[in-house]
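Architecture at a glance
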Amino acid sequence: MKATLFAYFTAILMVGCGEKEAVSVSPNFKYETQGNAITITGFDVMVSGALTIPATIEGKTVTSIGSEAFSWCQQLTSIAIPDSVNSIGKGAFSWCSSLRSITIPDSVTSIGKHAFAGCESLTNITISDGVTDIGDSAFYGCISLTSVTIGESVTIIGENPFIGCKNLTAVTFLGDAPKLDNGVFVIENPTIYRKPEAK
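Residues numbered from 1 in each chain as written. Predicted model: local features only at pLDDT ≥ 70, side-chain atom pairs only at ≥ 80, totals over all residues. Heavy atoms only, no water.

Right, let's talk about the side chain of S128 for a bit. Relative to the helices and strands, S128 resides in the loop between β10 (124–127) and β11 (133–134). On the accessibility criterion, S128 (5% relative accessible area) is buried. Setting aside its immediate chain neighbours within four residues, S128 contacts I104, P105, D106, V108 and G151. (Helix = DSSP H or I, 4+ residues; strand = E, 2+ residues; numbered from the N terminus. Buried < 20%, exposed > 50% of the residue type's maximum accessible area, 1.4 Å probe, protein only. Contact = heavy atoms within 4.5 Å.)

See below:
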């Protein structure tokens, strides 16, 4: 027990001193349980480095990332989401300003509003084939984002999903391309890539 506490406080001290390497994350999750399903609702904003979200916690399955669960975790550099998760809530990873990469599995079907808003270090993202809808302003202010690949199942894209992504140059649709209204690309002017047969 003393060794565990020593390791934990040493990790916190290292974060305070500017150390950016990964820290043990198992005690840092906040979550809610409903039956055998777990929704992650919060995380220690002081943890830094690479994070792998567990597929299970205390033997129960992590099925969703709740609203603003990782908001303002400004020292996380990469996040891997397990294939047990089916939804990413509103603002779930908003203002994670050091986040450079994130893995979204095919199990995820929806990405909430402002889910990645303010992730200014994110350079590219692939929206998996399982996702069917992308919320309003999902990638607002991702100023380093240069390319986006959108999976085959996306049918709904909310308003202004890429507003403020001033360096976005390429958007690739792997499927038949959802209908895009005038609110999808407001001030951005990326090249759109799609299958020749896409409607």
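After that view, the rundown keeps rolling.
As a further point, take the pairing of strand β6 (residues 76–80). In this structure, strand β3 (residues 49–52) lies alongside β6, joined through 4 bridges in parallel fashion. From the neighbouring strand, L51 faces β6, where its bridge partner is I79. With 3 bridges connecting them, β6 and strand β8 (residues 101–103) associate as parallel partners. Note on β8: the bridge partner recorded for A80 is T103. (Pairing = 2+ DSSP bridges.)

Taken as a whole and assessed by the stated rule, the structure comprises 9 aromatic pairs. Plain terms: the ring middles of F70 and F93 are 5.1 Å apart, the flat faces sit at 10 degrees to each other, and that makes the pair stacked. Note that F70 is positioned in the loop between β5 (60–65) and β6 and F93 in the loop between β7 (87–88) and β8, a separation of 23 residues in sequence. The burial state of F70 is the same as that of F93; both residues are buried. Site record: aromatic cluster; members linked through ring pairs are F29, F43, F70, F93, F116, F139 and F162. (Phe/Tyr/Trp six-rings, centres within 6.5 Å; stacked < 30°, edge-to-face > 60°.)

Together, V45, M46, W72, W95 and Y140 make up an exposed nonpolar region whose accessible area comes to about 480 Å². Relative to the assigned elements, M46 resides in the loop between β2 (37–43) and β3. (Patch = residues over 30% accessible without salt bridge, like charges linked within 9 Å, V, L, I, M, F, W, Y side chains within 5 Å. Areas by Shrake-Rupley, 256 points an atom, 1.4 Å probe, with all protein chains shown as cover. Salt bridge = Lys/Arg side-chain N within 4 Å of Asp/Glu carboxyl O.)

Within the fold, V62 resides in strand β5. Sequence spacing of V62 and T33 is 29 residues, and the spatial spacing of their C-alpha atoms is 9.1 Å. Other than its neighbours up to four places away in sequence, V62 contacts I38, I40, P54, A55, T56, I57, S84 and V85.

Below, the discussion takes up the nonpolar core. For soluble globular proteins, nonpolar side chains are generally found buried alongside one another. In this structure, F70, I88, F93, I111, F116, F139 and L145 are the most contacted members of the largest nonpolar core, which totals 49 residues. At the level of elements, β2, β5, β6, β10, β12 (147–150) and β14 (170–173) are the ones that each hand at least two residues to this core. If we skip the residues at most four places from it in the chain, I88 touches I65, I81, F93, I104, V108, S110, I111, G112, A115 and F116. (Core = buried A, V, L, I, M, F, W, Y, C linked by side-chain atoms within 4.5 Å.)

Before going further, it helps to spend a moment on the sheet that holds strand β15 (residues 191–193). Here 4 strands make up an open sheet; going across it, the order is β10-β12-β14-β15 and the pairing parallel. A single partner strand is all that each edge strand has here, and the edge strands are β10 and β15. Recorded for the sheet is a direction-independent mean angle of 10 degrees between the axes of neighbouring strands. Of the strand pairs in this sheet, β12 and β14 are connected by 4 bridges, and their pairing is parallel. Residue S147 lies in a different strand from β14, and its bridge partner there is A170. (Axes fitted to C-alpha atoms, helices over the stretch in contact; angles between N-to-C directions.)

All right, on to the confidence of the model for the protein chain then. For the protein chain, per-residue confidence averages 85 on the pLDDT scale, and residues scoring 70 or more make up 82% of the total. Averaged pLDDT values over the elements of the protein chain bottom out at 38 in helix α1 (residues 2–16) and peak at 98 in β7. Taken as a whole, residues 1–25 scores under 50 in pLDDT and shows 24 contacts with residues more than four places along the chain or in a different chain. (pLDDT = per-residue confidence, 0-100.)

Turning next to the sheet that holds β6. An order of β3-β6-β8 is seen for the 3 strands of this open sheet, with the pairing classed as parallel. Strand pairing shows two members of the sheet lacking a second neighbour, β3 and β8, which therefore form its edges. The sheet shows a mean angle of 15 degrees between the axes of neighbouring strands, direction not considered.

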